[in-house]
Amino acid sequence: MATKQVGLGALVKVDDDGDASFTTVGLTRSITPPPRSRALVDGTALEDDLAVNEAGIEEASELSFTQFWHPGDTNHEIMDTLFGSKAKVDWQIVYPFATPVTDEFEGFVSALAPEQIEPGNIISRQVTVQRTGAITRT
């Protein structure tokens, strides 16, 4: 029987310099992993009585996460540098199961969106990563 898993301990990591070592982005409030879906290709033949769809190419998707933001923090500055460079780098999402599960894929930072600043709240921003490669799960 499956058990429920709390998201506390989930991580976003990035290999920002191509050396195969990953840096934890750090201080994320929420993570939305990239969804996976396929385009549907019309495979209906003239003699069919029902429309038929075939599985097509995997659709593009994106990772987004809310980051507690502090300019000057080394790990936070990585996001700004990657946005500016348009570099495609490797990303990981580490799920905090008893035996951790990791999704890895290539992508680039496509958006940095500061969130509303309010009294009593920590300053944060939304980071969006456009996936450019297949997801590998380990």
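Above this note sits the structure.
What comes next concerns the included structure. (Residues numbered from 1 in each chain as written. Predicted model: local features only at pLDDT ≥ 70, side-chain atom pairs only at ≥ 80, totals over all residues. Heavy atoms only, no water.)

Counting 17 residues, the largest nonpolar core has V14, L63, F65, M79, L82, W91 and V129 as the members making the most contacts within it. Taken together, the elements giving at least two residues each to this core come down to strand 1 (11-15), strand 6 (62-68), helix 1 (74-85), strand 7 (89-95), strand 8 (101-114) and strand 9 (124-131). Examining the composition of this core, we find that 4 residues originate from one element, strand 7, more than from any other. When neighbours within four sequence positions are excluded, V14 is seen to be in contact with S21, F22, T23, V25, I78, M79, L82, V89, D90 and W91. (Core = buried A, V, L, I, M, F, W, Y, C linked by side-chain atoms within 4.5 Å. Buried < 20%, exposed > 50% of the residue type's maximum accessible area, 1.4 Å probe, protein only. Helix = DSSP H or I, 4+ residues; strand = E, 2+ residues; numbered from the N terminus. Contact = heavy atoms within 4.5 Å.)

This part is about the side chain of D103. Positionally, D103 belongs in strand 8. Owing to a relative accessible area of 5%, D103 belongs among the buried residues under this scheme.

Another aspect to go through is helix 1. With 12 residues, helix 1 extends 16 Å from end C-alpha to end C-alpha; this agrees with the ideal 16 Å at 1.5 Å per step. The opening residue of helix 1 is D73, an N-cap whose side-chain oxygen sits 3.0 Å from the backbone nitrogen of N75. Positive backbone phi, at 60 degrees, marks K86, one or two positions downstream of helix 1. (Expected span 1.5 Å × (residues − 1). Polar contact = N/O pair within 3.5 Å; in protein donor to acceptor, adjacent residues only side chain to side chain.)

This part is about the packing of aromatic side chains. Each aromatic ring pair is specified by the distance between its two centres and by the angle formed by the two planes. Taken as a whole and judged by the stated rule, the model has 1 aromatic pair. Ring centres of Y95 and F97 lie 6.3 Å apart, and the angle between their planes is 25 degrees; this geometry places the pair in the stacked category. (Phe/Tyr/Trp six-rings, centres within 6.5 Å; stacked < 30°, edge-to-face > 60°.)

This paragraph deals with the side chain of S124. Within the fold, S124 resides in strand 9. Engagement of the side chain of S124 in a polar contact is seen with the side chain of R29, the distance being 2.6 Å. In contact with S124, not counting residues within four places along its chain, are R29, T66, Q67, F68, W69, P114 and E115.

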